[in-house]
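# Residue-level structural notes
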Amino acid sequence: MIKIKNFIPARQFKHNPNRFNVMSSGMGTQSNAIICMIHAGILPKPDVIVAADTEREASNVFEYQKKHIQPLCDEMNIPYYIVPKSQFTNVDLVQPSSGMTLAGYYSEWDGRKENGECRGKQPGYCSARWKREVIERFLNKKYGQSYLTKRGVDMWMGMSLDEPKRIKVTTGKWHRVYPLFEMMITRQMAIQFVEQYNLPTPPRSACWMCPNRRESEWLWMKENVPEDFKKACEHEKEIQKDNPHLWLTKYGVPLADAPLKSNGMDEQLDLVQFCDSGMCFV
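Reading guide: rules and limits
- Residues numbered from 1 in each chain as written.
- Predicted model: local features only at pLDDT ≥ 70, side-chain atom pairs only at ≥ 80, totals over all residues.
- Heavy atoms only, no water.
- Helix = DSSP H or I, 4+ residues; strand = E, 2+ residues; numbered from the N terminus.
- Rg over C-alpha atoms; globule rule 2.2 N^0.38 Å.
- Buried < 20%, exposed > 50% of the residue type's maximum accessible area, 1.4 Å probe, protein only.
- Contact = heavy atoms within 4.5 Å.
- Areas by Shrake-Rupley, 256 points an atom, 1.4 Å probe, with all protein chains shown as cover.
- Lys, Arg positive; Asp, Glu negative; His and termini not counted.
- Charge placed at Lys NZ, Arg CZ, Asp CG, Glu CD.
- Pairing = 2+ DSSP bridges.
- Right-handed = clockwise from strand over helix to strand, strands pointing away.

## Regarding the overall build of the protein chain
Scanning the protein chain from N- to C-terminus turns up 8 helices and 8 strands. Taken over the C-alpha trace, the protein chain has a radius of gyration of 19 Å; the compact-globule value for 282 residues is 19 Å, and the two agree within 12%. In terms of overall dimensions, the protein chain has C-alpha extents of about 55 × 45 × 30 Å along its principal axes. The burial tally for the protein chain puts 55% of its 282 residues in the buried class. In the protein chain, 71% of the contacts between residues at least 6 apart in sequence involve partners at least 24 apart. Just so you have it, the protein chain exposes about 13,400 Å², and 52% of that area is on carbon and sulfur atoms. Charge-centre separation for the protein chain: the mean point of 38 positive side chains lies 5 Å from the mean point of 33 negative side chains.

## Quick look at the pairing of strand β5 (residues 118-121)
Relative to β5, strand β4 (residues 106-112) is paired through 3 bridges, and the arrangement is antiparallel. Residue pairing in the sheet places Tyr106 in a bridge with Lys121 of β5. The hairpin formed by β4 and β5 contains 5 residues between the paired strands, and Gly116 there has a positive phi angle of roughly 90 degrees.

## Examining the pairing of strand β2 (residues 48-53)
Summarising burial for β2: 6 of the 6 residues are buried, a large majority. Of the two faces of β2, both are covered, the one formed by Val48, Val50 and Ala52 as well as the one formed by Ile49, Ala51 and Asp53. As judged from the 4 bridges shared by strand β1 (residues 20-25) and β2, these two strands associate in the parallel manner. Bridging from a neighbouring strand, Val22 pairs with Val48 of β2. Pairing analysis gives 5 bridges linking β2 to strand β3 (residues 80-84), with the strands arranged parallel. Bridge assignment links Ile49 to a residue of β3, and that residue is Tyr80. What joins β2 to β3 is helix α2 (residues 59-76), and the crossover it makes is right-handed.

Here it is in structure tokens:
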């Protein structure tokens, strides 16, 4: 178990103070761990912490930020902005130029499997349109496009050691860096760190209507946050007015009637691994 008072990461995070440092928070497990590590002095202070509000984020995620994370940021005197996506993009569920739906819904467009489940799944790229682009546009407006271009921006991402496929090397103005990955910290280690910081187990970040939710997560929402589950059921009905072949689960039946079950395992795969952009920050 992690002991904060003598916690020494396997490797140190290479911080470049000459660039503008942004903690790009997804408001989920690993992002919360990074903020706790900043507060503990294990990581240096970034210039700012920014999260994009997809305007469909799970209720418990916002509650956790308000109750546990915002006070830490205030104590450190680090600005923490949660930016509504609608202020910086006109892209919502449908791509204006193509009419394609953004979220990766399950589809029966190509028929169904022998067991009755949907045969296909829509590609999803809402992460880039709802999060990455929103945060970059906010930063350009807030701090000046020319200033950030001249100085360069290091975007701190929350990917951990057990997520190598999500690591993307970038250069230029927007340079992604990975504190947890560099320090060889896994997702489970990040959870333990937050818990030993005397905070509740951090929830995963995900939109309440995300088709990439595991069945156990749909069940948890249904039992613990029924208002979000109800919104997801209504959302499914709404998208089917124009796209009757799309569904939120592989079963291809109304979410309220889906035979959801939990396998009792805490899989290490995050929701984001099913997103095409790898930028969901979950």
